[in-house]
Amino acid sequence: MLHSNDNAPKTSFAPTTPNSQPVKTVSSPIEQATIGRSVIIKGEVSGSESLYVDGRIEGTVTFKDHRVTVGRNGVVQANISAREVVIMGKVTGNVECSDRVDIRSEGSLTGDVVSQRISVEDGAMLRGSVQLTPSEHKQEKSGDSPKAFAAAAGK
């Protein structure tokens, strides 16, 4: 007969029946640097992890393979180069992304955008030009070439 031992370590796994999934209780930490509300940086900011800006940056921001998030209190007067940029504060400068730019309803961007994808919520402010670059993966997958599109358009 099995007896319960109150001193035994307790686990947080759900029973494994054919129709149930184990419950994940611990999430892995996201590597992200944070620039606090009272911090002002003038110069070049770069890194190999994601960046959250709630302070002020003047200069250049380069995080090629990561996300740059400008928080509600963030003010960035810089060109930003990253995989993904999320804007909830104020950005003045050009933004170049390898994946996507996301301007939330309370965010504003004054500058040119070059990205594969862009999302602008209602209420957001965007002043500048937008250039969407096609994804090489999508173009290869569809099998269509730019010449085929031009021919279909009558050009």
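We now turn to the structure provided with this report. (Residues numbered from 1 in each chain as written. Predicted model: local features only at pLDDT ≥ 70, side-chain atom pairs only at ≥ 80, totals over all residues. Heavy atoms only, no water.)

**Topic: the side chain of Ser81**
- Within the secondary structure, Ser81 sits in strand β5 (residues 75-87).
- A distance of 2.8 Å separates the side chain of Ser81 from the side chain of Lys64, its partner in a polar contact.
- The contact partners of Ser81, leaving out residues within four places of it in the chain, are Val61, Thr62, Phe63, Lys64 and Glu96. (Helix = DSSP H or I, 4+ residues; strand = E, 2+ residues; numbered from the N terminus. Polar contact = N/O pair within 3.5 Å; in protein donor to acceptor, adjacent residues only side chain to side chain. Contact = heavy atoms within 4.5 Å.)

**Observations regarding a nonpolar patch on the surface**
- Nonpolar side chains collect at one region of the surface, where Val120, Leu126, Val130 and Leu132 lie side by side and expose about 300 Å² of accessible area between them.
- On the secondary structure map, Val130 appears in strand β12 (residues 130-132). (Patch = residues over 30% accessible without salt bridge, like charges linked within 9 Å, V, L, I, M, F, W, Y side chains within 5 Å. Areas by Shrake-Rupley, 256 points an atom, 1.4 Å probe, with all protein chains shown as cover. Salt bridge = Lys/Arg side-chain N within 4 Å of Asp/Glu carboxyl O.)

**Looking at the environment of Val86**
- As for its position among the elements, Val86 is in strand β5.
- Residue Val86 is classed as buried on the basis of its relative accessible area of 4%.
- Linking Val86 and Arg104, residues 18 residues apart in sequence, is a C-alpha distance of 7.4 Å. (Buried < 20%, exposed > 50% of the residue type's maximum accessible area, 1.4 Å probe, protein only.)

**Topic: the pattern of salt bridges**
- Per the stated rule, a full pass over the model turns up seven salt bridges.
- Here Glu84 ties to Arg67 by a salt bridge, and the two come within 3.5 Å at their closest N and O atoms. Within this pair, whereas Glu84 is found in strand β5, its partner Arg67 is found in strand β4 (residues 56-70), the two being separated by 17 residues in sequence.
- Since its relative accessible area comes to 9%, Glu84 is described here as buried.
- Where Arg117 meets Asp99, a salt bridge forms, and the shortest distance between an N and an O atom there is 3.0 Å. Taken together, the positions of Arg117 in strand β10 (residues 117-120) and Asp99 in strand β7 (residues 95-103) put the pair 18 residues apart, joining distant regions of the chain.
- On the accessibility criterion, Arg117 (38% relative accessible area) is partly exposed.

**Remarks on the pairing of strand β3 (residues 50-53)**
- As paired strands, strand β1 (residues 32-35) and β3 are joined by four bridges and run parallel to one another. Opposite Ala33, over in β3, you have Leu51 as the bridge partner.
- Where β3 and β4 come together, three bridges link them in parallel fashion. Within β4, the position partnered with Leu51 by the bridge is Val68. (Pairing = 2+ DSSP bridges.)

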